[in-house]
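Structural features, examined
Now for the letters of each chain:
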Amino acid sequence: MLSELRAAHKVIGVKQSKKAIRDGKAQEVFVALDAEKRVVGPVYELCSETDTKLTEITTMTELGDAAGIDVGAAVVTVLR
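Residues numbered from 1 in each chain as written. Predicted model: local features only at pLDDT ≥ 70, side-chain atom pairs only at ≥ 80, totals over all residues. Heavy atoms only, no water.

**Let's talk about the pairing of strand E2 (residues 26-32)**
- A large share of E2 lies buried, amounting to 6 of its 7 residues.
- Pairing analysis gives 5 bridges linking E2 to strand E4 (residues 75-79), with the strands arranged antiparallel. When the bridges of E4 are listed, Glu 28 appears paired with Val 78.
- Crossover handedness for the path E2 to helix H2 (residues 37-50) to strand E3 (residues 53-57): right-handed. (Buried < 20%, exposed > 50% of the residue type's maximum accessible area, 1.4 Å probe, protein only. Helix = DSSP H or I, 4+ residues; strand = E, 2+ residues; numbered from the N terminus. Pairing = 2+ DSSP bridges. Right-handed = clockwise from strand over helix to strand, strands pointing away.)

**Regarding the pattern of salt bridges**
- This structure, assessed with the given rule, holds 3 salt bridges.
- Where Asp 23 meets Lys 19, a salt bridge forms, and the shortest distance between an N and an O atom there is 3.0 Å.
- Its relative accessible area of 46% is what places Lys 19 among the partly exposed residues.
- Here Arg 38 makes a salt bridge to Glu 36, at a shortest N to O gap of 2.9 Å. (Salt bridge = Lys/Arg side-chain N within 4 Å of Asp/Glu carboxyl O.)

**Quick word on the environment of Ser 17**
- Structurally, Ser 17 can be placed in helix H1 (residues 14-22).
- Measuring from C-alpha to C-alpha, the distance between Ser 17 and Asp 65 comes to 18 Å, with 48 residues separating the pair along the chain.
- Not counting the four nearest positions on each side in its chain, Ser 17 is found in contact with Val 11, Val 75, Val 76 and Thr 77.
- A polar atom in the side chain of Ser 17 sits 2.7 Å from the backbone oxygen of Gly 13. (Contact = heavy atoms within 4.5 Å. Polar contact = N/O pair within 3.5 Å; in protein donor to acceptor, adjacent residues only side chain to side chain.)

**Topic: H1**
- Residues Val 14, Ser 17, Ala 20 and Ile 21 constitute the buried set of H1. Axial view of H1: buried residues confined to an arc of 130°, hence all on one face. Summarising the geometry of H1, the exposed residues directed more than 90 degrees from the buried face are Lys 15 and Arg 22.
- Against the buried residues of H1 lie strand E1 (10-12), E2, H2 and E4. (Arc of directions from axis to C-beta.)

Shown next, in the form of structure tokens:
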């Protein structure tokens, strides 16, 4: 799925991802393991509460590259 992330309908960032998860629009959430836990912690909680698939990626840089942006990303969410 990571290779398909660039072309997928998605949102990037914690705030946008939390909104998509709460609204039931999230298909899969990708979280970078090197992101600050205080930042991504609420995303883990929401995914657990809503039974949303969560995939961990090694680095923010790797996740940002996969999403097609020039900076690192802590969270990327693929939408339904």
